[in-house]
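Each chain, written out:
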Amino acid sequence: MKIFFYFFFVVLVLSIALIQPIHVDDFEQEDYYKNTTNRISNIQTNTNEVNKIKLGWKRVNFTPPKATELAGYSGRGVYSEIKDSVYANCLFIESKKGNYVILNFDLILIHHTFSEAIEKELSGNTSLNIKGIYYTCSHTHSSYGGWAKGLLSKFVLGGYDQKTIDFMGHKTKAMVTQAAAHTSEVKMAFTKIKMAGWLLNRVDEKSAVDDELRLIIFENSNKERSGLLSFSGHPTFMTLEDHFLSGDFAAMTSQNLIDSLDLQSLLYVSGAIGSTSVNEKQGYQYAVNYAHKLADTIIPIYNKLRFEPINYFNYNQVAIDLPSPQFKINNTYALRPFWFQFVFGKPKAKLACLEINNLKFSGVSGEISGETFTQVLQNTKQRDSTEY
């Protein structure tokens, strides 16, 4: 009887220490929501202001010199071979407000350990005069890790390796420096392509997905071109059993377009991927085929693009206040905030907003679902002609 009592007591204490009921609040009435929306409302924007820019770009092979742990699925270990290299891209924006950088990596995410290392590297070169960095990634689940600290990173993100982070920081600094050294006035073209049937909502098949592919092309006076491609397909063609390095269909599509269209660089930016998956079977060859079909869909439209001068640029970044984190165990209970932070680290969230002419780039620290983004698009279309 005593053994049962002690067992019950231990279970009760652990449950109280580890678990709490899921708290569902009226978020619009909470301070974290009000403070964040106030910051966003105070963002200054004026598309009537003339603010011309110069742009430079650079693309580099971002494959580490030594094989490291894979990131994206747990327990795959060090990659055994390189199926296709992973890349990093940079757009360096020179404006009268200062200089700004759009960075793009064939990684699953941009962890704050990595971004802090980048910012430390770049701050050492004061001539760059960088006022803000807009981070993007392809979200491939088959690239390398080793760039994140914390308990979770050891299981899912490949842990932390100082040599890997040093390589990434030095490579990024060299890339940004080279892009900054070759800036010039550019023209731009923008188009959207409806990709009906290419994506699925993996949470609820009947719910919305953002199935528009967005393409921006920049051209300088020498007719050299760079581009940015955004699409909401989840790059998860590779499986848990695949132990090789790959940029998945995202990096493959970029390389196909660079080769076919003679681009000098192309940033593949994951879109509203939080609830989407590609409408295909898994496997490396399926990724290759999907990338070819995606590129073949873009190429005919590319030749019809119309370019215009860039007359307006703006950049803002605001901190996002968050409620106490909850990691759901089921629909009723969640881990207490302390344990969430112990496993995942303390969340650092921000919203970055970048504007070029009537285009708005919005990036957040996390995944946006297709349902959320399509609602945002509906709201903005009712208000103005801004493209997202």
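### Things to note about the packing of helix H3 (residues 112-123) against helix H5 (residues 162-180)
Phase 1: Interhelical geometry of H3 versus H5 gives an angle of 50° and a closest axis separation of 9 Å. With respect to each other, H3 and H5 are oriented oblique. Considering only the axes of H3 and H5, their crossing is right-handed. Seen from H3, the contacting residues are Thr113, Phe114, Ala117, Ile118, Glu121 and Leu122; seen from H5, they are Ile165, Met168, Gly169, His170, Thr172, Lys173 and Val176.

### Details of the nonpolar core
Phase 1: Judged by nonpolar contacts, the single largest core of 33 residues is most densely connected at Leu213, Leu229, Phe231, Phe249 and Tyr290.
Phase 2: Secondary-structure elements contributing two or more residues to this core are strand E6 (184-194), strand E8 (212-220), strand E9 (225-231), helix H6 (248-261), strand E10 (265-270) and helix H7 (284-302).
Phase 3: Among the elements that take part in this core, H7 stands out by supplying 8 residues, more than any other.
Phase 4: The residues contacting Leu229, other than those within four sequence positions of it, are Leu213, Arg214, Leu215, Thr253, Leu257, Leu266, Leu267, Tyr268, Val269 and Ile298.
Phase 5: Counting 32 residues, the second-largest nonpolar core is a separate cluster that includes Leu70, Phe167, Met168 and Met175.

### Some words on the side chain of Thr68
Phase 1: Within the fold, Thr68 resides in the loop between strand E2 (53-61) and strand E3 (87-95).
Phase 2: Judged by its relative accessible area of 8%, Thr68 falls in the buried class.
Phase 3: Once residues within four sequence positions are removed from consideration, Thr68 is found in contact with Gly77, Val78, Tyr79, Tyr144, Gly145 and Thr164.

### Some thoughts on the packing of H6 against H7
Phase 1: The interhelical angle for the contact between H6 and H7, taken along N-to-C directions, is 40°, at an axis separation of 8 Å. Taken as axis vectors, H6 and H7 run oblique relative to one another. The hand of the H6/H7 crossing is right-handed. In this structure, H6 uses Asp248, Phe249, Met252, Thr253, Asn256, Leu257, Ser260 and Leu261 to contact H7, whose residues at the interface are Tyr284, Ala287, Val288, Tyr290, Ala291, His292, Leu294, Ala295, Ile298, Ile299 and Tyr302.

### Quick look at the pattern of salt bridges
When the charged atoms of two side chains lie near each other, side chains of opposite charge can form a pair.
Phase 1: Counted according to the given criterion, the structure contains 10 salt bridges.
Phase 2: A salt bridge links Arg39 to Asp321; the shortest N-O distance between them is 3.1 Å. Residue Arg39 is found in helix H2 (residues 31-41), and its partner Asp321 is found in the loop between strand E13 (313-319) and strand E14 (327-328); the two are separated by 282 residues along the sequence.
Phase 3: Judged by its relative accessible area of 29%, Arg39 is partly exposed.
Phase 4: Relative accessible area serves as the criterion here: at 25%, Asp321 is assigned to the partly exposed category.
Phase 5: Of the charged contacts in the structure, one is a salt bridge between Lys187 and Glu219, with a shortest N-O distance of 3.6 Å. In this pair, Lys187 is assigned in strand E6 and Glu219 in strand E8, connecting sequence segments 32 residues apart.

Reading the values: rules and limits
Residues numbered from 1 in each chain as written. Predicted model: local features only at pLDDT ≥ 70, side-chain atom pairs only at ≥ 80, totals over all residues. Heavy atoms only, no water. Axes fitted to C-alpha atoms, helices over the stretch in contact; angles between N-to-C directions. Helix = DSSP H or I, 4+ residues; strand = E, 2+ residues; numbered from the N terminus. Parallel < 35°, antiparallel > 145°, perpendicular 65-115°, else oblique. Left-handed = near helix turned anticlockwise from the far one by under 90°. Contact = heavy atoms within 4.5 Å. Core = buried A, V, L, I, M, F, W, Y, C linked by side-chain atoms within 4.5 Å. Buried < 20%, exposed > 50% of the residue type's maximum accessible area, 1.4 Å probe, protein only. Salt bridge = Lys/Arg side-chain N within 4 Å of Asp/Glu carboxyl O.

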